[in-house]
Each structure stands twice: as structure tokens, then as C-alpha cells.
Amino acid sequence: MTWFRCPEKRPWASMRLFCLPHAGGSAVSYRPWAKAAGPAVEVQAVQYPGRADRMADALVTDAHQLARLVAGAMAPLLDRPAALFGHSMGAVLAYEVARLLQERGSAPVHVFASGARPPHDRGGDRVADGDDDRIVAEMIKLGGTDAEVLRDPELRELVLPYVRNDFALIERYEHRPGTRLTVPLTAIVGDDDPHVTPEQARGWAGVTDGRFALRVLPGGHFYLTEQQPAVIAEVLRTLEVPAAG
């Protein structure tokens, strides 16, 4: 099973945007981005194992291992400039993938870290060790469509194993010394996110020698759902590619 879902193939696009979902998320959350991003960008959304159409694939329990698998799968798709966008858990994974790509001589042109504390300042939240109700409560607190899915008892039984795995993966993640990014990085955060403040998001500046920018948009942890046009406009402006329409 392939690692990426591409809602609209664009062989003439000047750039690929690889999107990494949040904990408990799947590639479907980026499906609307393909049309919104316009013809100049091909959106490739990462599909983590153990969910959606990869339900039969074994879950990956280590963030560094998951980043290696994603970076390896990207290799055939790096025939044109690539940017990375990750939300929450996906932001930390995007950072680790970018480090690996840079080491291999295929650095991305930009990294967008959304709704996340920087890799060296993860905080002490421990949700994965709680019971099912604790995990559901955390998802509901953060918001997003996954919270609604978890209200259904039958769906909850399917979804909770990979949600718990993702929480454990990111909560156990430890930043390792090594390759320092030289690529530009933009941190984007909602102004009412209970998980990360704008000041904490500013800490992403410390992981790259490239240009850094912080963008604060209205909303909570899943600000990017309501603010999708503004987020995509920011991405396209930063990448200097034409907007859709």
C-alpha cells in the first residue's frame, strides 16, 4: 500500500506539497486542499498505517521510525521541489522528515509547522496511558472531526487503537541532536489553541538556520479547518506559486 493519497494528479505542477496529519488523523483531512491549492501545486497527503484504507497495516510506534518510512517513500516523488506541511503530531514528523531529506541531499524548499510546540519543547502531556474516556475527552477538547467519530461506540472501537498509538508516539518522542535544518520554516498557530501558545510556537525558530516566520490565525487547535482559505493562501504566498483561480 502506498504512503500517499493524491486527490488530483498534476503532472505539470511546479511543486509538490506533502501534508502530514495530526494524531488520530488520516490523509482525508487534506482532500479539500487539492482543489483549493490550484494547478501549480500537487498535494500529496501522507496516509499513516493502521487507519482508513491502511487499517490492515501494522501501526508504527516510534516517531523517528515513522519519519524514516515517510522520507523513504518520498524518494520517487522528489523529481520536483517539495514542501512539507504538518499539523500537530504531523508538524514534528514533518520536521524529522525534513532533517532526513536534508541529510540525503534532497532538502525541502519549506517546512510549515502547524498547531504544535517545537520538537525540543514538547511539554508533559500524557494522554495515551489514560483510559478510553480520557482519550475521547482529550480529542473532544481539541476539536476536529475525529472527536465526532469517537462519539459513536462502534466507530470508537475501530478508531481508538490508532488514536491511542498516535498519542503514545508523539508523547514518547524525544528530540535527538543531529542535523540542523537550513531550510525556511513557518510556524502557524490558532490564537486560542489550548495545546500551544503563539510564544511557544515561536520556539520553532530555534530548529533552523533558514528564514523563520510565525503566523497566528483565529481559532483553536483545529483552526485550519475554519481558516482553510487563509492557510492555503499563506502556503502559496510563501512558496511563491500562483493562487487558485
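Source: prediction; values computed, not measured.

Let us now look at the packing of aromatic side chains. Enumeration over the complete set of coordinates arrives at 6 aromatic pairs. Look at Tyr-30 and Trp-33: their rings are 5.1 Å apart centre to centre, the planes differ by 85°, and that puts the pair in the edge-to-face class. Assigned by exposure class, Tyr-30 and Trp-33 land together as buried. Joined through ring pairs, the aromatic side chains of Tyr-30, Trp-33, Phe-85 and Phe-112 make up one cluster. The positively charged end of Arg-54 is found above the aromatic ring belonging to Trp-3, 4.3 Å away from the centroid.

What follows covers helix 6 (residues 153–172). In this model, helix 6 (20 residues) spans 28 Å end to end at C-alpha, consistent with the 28 Å of a helix rising 1.5 Å per residue. Within helix 6, the axis deviates most sharply at Val-159, by approximately 45°, and proline Pro-161 lies no more than four positions further along. The complete set of buried residues in helix 6 reads Val-159, Leu-160, Tyr-162, Val-163, Asn-165, Asp-166, Phe-167, Ala-168, Leu-169, Ile-170 and Glu-171.

Of note in the backbone geometry, Ala-52 takes a positive phi value of approximately 50° without being a glycine. Its location among the elements puts Ala-52 in the loop between strand 3 (41–46) and helix 2 (63–74). The partly exposed category is assigned to Ala-52, whose relative accessible area is 45%. Residue Glu-240 is not a glycine yet carries a positive backbone phi of 60°. With respect to the helices and strands, Glu-240 occurs in the segment after helix 9 (228–239). By relative accessible area, which is 72% here, Glu-240 ends up exposed.

Before going further, it helps to examine the nonpolar core. Of all hydrophobic cores here, the largest spans 43 residues; its most connected members are Leu-84, Val-97 and Trp-204. Broken down by secondary-structure element, the contributors of at least two residues to this core are strand 2 (15–20), helix 2, strand 4 (82–87), helix 3 (89–103), strand 5 (110–114), helix 6 and strand 6 (185–190). The dominant element in this core, judged by the number of residues it contributes, is helix 3, at 10 residues. If near-sequence neighbours (up to four positions away) are discounted, Val-97 is found in contact with Leu-20, Ala-67, Val-70, Ala-71, Met-74 and Leu-84.

We now examine the pattern of salt bridges. Counted under the stated rule, the structure contains 13 salt bridges. In this structure, Arg-5 and Asp-53 form a salt bridge, with 2.9 Å as the shortest nitrogen-oxygen distance. Here the residue Arg-5 occupies a position in strand 1 (residues 4–5), and Asp-53 occupies one in the loop between strand 3 and helix 2, the gap between them amounting to 48 residues. For Arg-237, the salt bridge goes to Glu-234, with nearest N and O atoms at 2.9 Å.

Attention now moves to the packing of helix 2 against helix 3. As a packed pair, helix 2 and helix 3 sit with axes 9 Å apart at the nearest point and diverge in direction by 55°. Taken together, helix 2 and helix 3 sit at an angle that is classed as oblique. Our pair here, helix 2 against helix 3, has a crossing hand that is right-handed. Of helix 3, the residues touching helix 2 (which contributes Ala-63, His-64, Leu-66, Ala-67, Arg-68, Val-70, Ala-71 and Met-74) are Leu-93, Glu-96, Val-97, Leu-100 and Leu-101.

Time to look at the side chain of Arg-51. Take Arg-51: it is sitting in the loop between strand 3 and helix 2. Residue class for Arg-51 comes out buried when judged on its relative accessible area of 1%. A distance of 3.1 Å separates a polar side-chain atom of Arg-51 from the backbone oxygen of Gly-25. Of note is the side chain of Arg-51, whose polar atom sits 3.3 Å from the backbone oxygen of Pro-49. Those residues in contact with Arg-51 that lie beyond four places of it in its chain are Gly-24, Gly-25, Ser-26, Leu-59, Tyr-162 and Asp-166.

Criteria and cut-off values
Starting afresh in each chain, residues are numbered from 1 along the sequence in its written order. Local features in this predicted model are restricted to residues of pLDDT 70 or higher, and side-chain atom pairs are both shown and tallied only at a pLDDT of 80 or more, whereas totals for entire chains, interfaces and linings draw on every residue. The side-chain numbers reported here are obtained from all heavy atoms of the structure, hydrogens and water having been left aside. Under the pairing criterion, centres of Phe, Tyr and Trp rings, with the six-membered ring standing for Trp, must be within 6.5 Å; the plane angle then separates stacked pairs below 30 degrees from edge-to-face pairs above 60, leaving the rest tilted. For every residue, the accessible area (1.4 Å probe, protein chains only) is compared with the maximum for its type, and the residue is labelled buried under 20%, exposed over 50%, or partly exposed between those bounds. Should the NZ of a Lys or the CZ of an Arg lie within 6 Å of a ring centre and within 35 degrees of the ring normal, that charge is described as sitting over the ring. A run of H or I in DSSP counts as a helix once it spans at least four residues, and a run of E counts as a strand once it spans at least two, with each numbered from the N terminus. Each residue after the first adds 1.5 Å to the expected span of a helix. What is called the bend at a residue is the angle between a pair of axes, fitted to the seven residues leading up to and ending at it and to the seven starting from it. Among buried residues, the Ala, Val, Leu, Ile, Met, Phe, Trp, Tyr and Cys ones that are joined through side-chain atoms within 4.5 Å form a nonpolar core. The contact definition used throughout considers only heavy atoms, calling two residues in contact when any of these lie within 4.5 Å. Each reported salt bridge corresponds to a side-chain nitrogen of Lys or Arg within 4 Å of a carboxyl oxygen of Asp or Glu. Fitted lines through C-alpha atoms serve as axes, helices being fitted only where they are in contact, and the angles separating the N-to-C directions of these axes extend from 0 to 180 degrees. The labels follow the angle: roughly parallel below 35 degrees, roughly antiparallel above 145, roughly perpendicular from 65 to 115, and oblique for the rest. A crossing counts as left-handed when the near helix is turned anticlockwise from the far one by less than a right angle, and as right-handed when that turn is clockwise. The definition of a polar contact used here is a pair of N or O atoms within 3.5 Å, where within protein one atom must be able to donate a hydrogen and the other to accept one, and adjacent residues in sequence count solely through side-chain atom pairs.

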